[in-house]
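Here is what each chain is made of, one letter per residue.
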Amino acid sequence: MTLPAGWTARRPTLDDVTAILAVVHAADTFAVGYPDFDADDVRDALTAPFVDPARDSWLVTDPDGVVVGWAILSNPTGVGREFVEVYVDPDHGGDLRAPLLARLLARVAERAAERGRSALTARTAVFAPEARWAGELVEAGFTRVKRYVRMTRSLADLPAEAAPPAGVTIRPLRADDESDLRLFHRIHDTAFRDTPDHEPLDFARWRELLPSSGKVWDEWLLAEVDGEPAGALQSSDQALDQGMGWVRTLSVLPAHRRRGVGAALLRRAFAIYATKGREGAGLGVDLANPTAPVTLYRSVGLVEERWTDMYERNVPAPQV
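What you see is a predicted model, and the numbers here were worked out from it, not measured in a lab.

### Considering the UniProt feature "domain: N-acetyltransferase" (unreviewed entry) in the protein
Next, step 1: UniProt records the feature "domain: N-acetyltransferase" (unreviewed entry) for residues 12–161 and 168–320 in the present numbering.
Next, step 2: Secondary structure content for residues 12–161 is 37% helix and 27% strand, and the end C-alpha separation is 48 Å.

### Notes on unusual backbone geometry
In terms of backbone geometry, most residues other than glycine have negative phi values and most peptide bonds are trans.
Next, step 1: The phi torsion at Phe50 lies on the positive side, around 65 degrees, for a residue other than glycine.
Next, step 2: Within the secondary structure, Phe50 is located in the loop between α2 (39–46) and α3 (53–56).
Next, step 3: You can call Phe50 partly exposed: its relative accessible area is 40%.
Next, step 4: You will see that Arg258, though not glycine, has its phi angle at about 65 degrees, which is positive.
Next, step 5: As for its placement among the helices and strands, Arg258 is situated in the loop between β10 (244–252) and α8 (261–275).
Next, step 6: Classification of Arg258 as exposed rests on a relative accessible area of 88%.

### As for the environment of Asp91
Next, step 1: Note that Asp91 resides in the loop between β4 (82–88) and α4 (97–114).
Next, step 2: Accessibility expressed as a relative area gives 67% for Asp91, which makes it exposed.
Next, step 3: Each C-alpha atom of the pair Asp91 and Asp286 lies 31 Å from the other, and the pair is 195 residues apart in sequence.

### Some thoughts on the pairing of strand β2 (residues 57–61)
Next, step 1: Here β2 lies mainly inside the structure; five of its five residues are buried.
Next, step 2: The alternating pattern of β2 places Ser57, Leu59 and Thr61 on one face and Trp58 and Val60 on the opposite face, and all of these are buried.
Next, step 3: Where strand β1 (residues 8–10) meets β2, three bridges bridge the pair, whose relative direction is antiparallel. Each bridged residue has a counterpart across the sheet, and for Arg10 the counterpart in β2 is Leu59.
Next, step 4: Looking at chain direction, β2 and strand β3 (residues 67–74) are connected through five bridges and run antiparallel. In the sheet register, Ser57 faces β3, and the bridge partner there is Ile72.
Next, step 5: Joining the antiparallel neighbours β2 and β3 is a turn of five residues, in which Gly65 adopts a positive phi near 85 degrees.

### Comments concerning the packing of aromatic side chains
Aromatic ring pairs are reported here in terms of the distance separating the ring centres and the angle at which the planes meet.
Next, step 1: A full pass over the atoms with the stated rule returns seven aromatic pairs.
Next, step 2: Measuring from centroid to centroid gives 6.0 Å for Phe37 and Tyr87, while their planes differ by 45 degrees, and the two rings are tilted. Taken together, the residues Phe37 in the loop between α1 (17–32) and α2 and Tyr87 in strand β4 connect sequence positions 50 residues apart.
Next, step 3: Summarising the aromatic geometry, the rings of Trp217 and Trp220 are spaced 4.8 Å apart at their centres and angled 50 degrees between planes, so their arrangement reads as tilted.
Next, step 4: On the basis of relative accessible area, Trp220 is assigned to the buried category, the value being 0%.
Next, step 5: Aromatic ring contacts, followed pair by pair, group Phe184, Phe203, Trp206, Trp217 and Trp220 into a single cluster.
Next, step 6: The aromatic ring of Trp133 is capped on one face by Arg97, whose charged end is 4.2 Å from the ring centroid.
Next, step 7: Against the face of Trp307 rests Arg147, its NZ or CZ located 3.9 Å from the ring centre.

### Considerations on the pattern of salt bridges
Next, step 1: Taken as a whole, this structure holds 30 salt bridges when the rule is applied.
Next, step 2: A salt bridge links Glu178 to Arg182, with the nearest nitrogen and oxygen atoms 3.7 Å apart. Linking Glu178 with Arg182, this pair stays in helix α6 (residues 178–191), spanning four residues, or about one helical turn.
Next, step 3: By relative accessible area, which is 45% here, Arg182 ends up partly exposed.
Next, step 4: The residue Arg306 makes a salt bridge to Glu305 at a minimum N-O spacing of 3.6 Å.
Next, step 5: Owing to a relative accessible area of 41%, Glu305 belongs among the partly exposed residues under this scheme.
Next, step 6: Overlapping salt bridges, with partners in common, bring together Arg55, Asp56, Glu82, Arg107, Glu110, Arg111, Glu114 and Arg115 in one network.

Analysis parameters
Residues numbered from 1 in each chain as written. Predicted model: local features only at pLDDT ≥ 70, side-chain atom pairs only at ≥ 80, totals over all residues. Heavy atoms only, no water. UniProt positions renumbered as here; feature names shortened; annotations may be inferred. Helix = DSSP H or I, 4+ residues; strand = E, 2+ residues; numbered from the N terminus. Buried < 20%, exposed > 50% of the residue type's maximum accessible area, 1.4 Å probe, protein only. Pairing = 2+ DSSP bridges. Phe/Tyr/Trp six-rings, centres within 6.5 Å; stacked < 30°, edge-to-face > 60°. Lys NZ or Arg CZ within 6 Å of the ring centre and 35° of its normal. Salt bridge = Lys/Arg side-chain N within 4 Å of Asp/Glu carboxyl O.

This is how it looks when you write it as structure tokens:
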């Protein structure tokens, strides 16, 4: 698909961070009601593993040379799905998403060939106000595959942390202890094996990717039941700009589910966030996950705030 007359597409560089951020802020404000990116997030996206801005990203400028659209591929692990991200200024670039999507899908096809695969899966998100984007995705061959729900709670009225159930103990991860990191990885990998989107990573690769998770190590927790490993909670710094602590993953081993381990981990995390002056706490729930305990999250004061739908399609490699 082609761009409107007078509009130009080019590859971004780190010199474009400020202009890109303005577009992302406009897009996020339309989609979720507030800016959800900062300059570091843009730089991280452009310099992420498995991303080459000269091949995997595009900028669009209007006839006056103003950046009004940005598109980029991401694949944090280098395996599995390719995420296509298309941001446009809704007041000036509403017609750009479809042509930018087409360019990214062509690049996904190339990446499939480069990895020796017959096809790759492309995935992208749609927020409630983005009805037009959802329609454009369907026209491009995407289908809706799942819904995520963002759940949050205020920490202003946080009750005193209840004692864990008998036999359950919660402690911080020792980030400088290799055995603790291996234990955390084993719990996380085992707990998520029965979820549809789990992409297994060996410990070495998982350890290599940890810096992208944020460095709030004192907010990572391990749980035991009668001295045996039972669960883990990984926090992220992704919502600090909103004054919130964020639970990135909550992992409970199958043998210890429904014994209060998850609730104890969440209550401890909330207490830590509150001690640091955070105003709220939140997490995302994959409603397609058979272990997603929405009732557990409600029991610790979390409430549904908004939803995000995930769309995906199969992208075949070019025929030679």
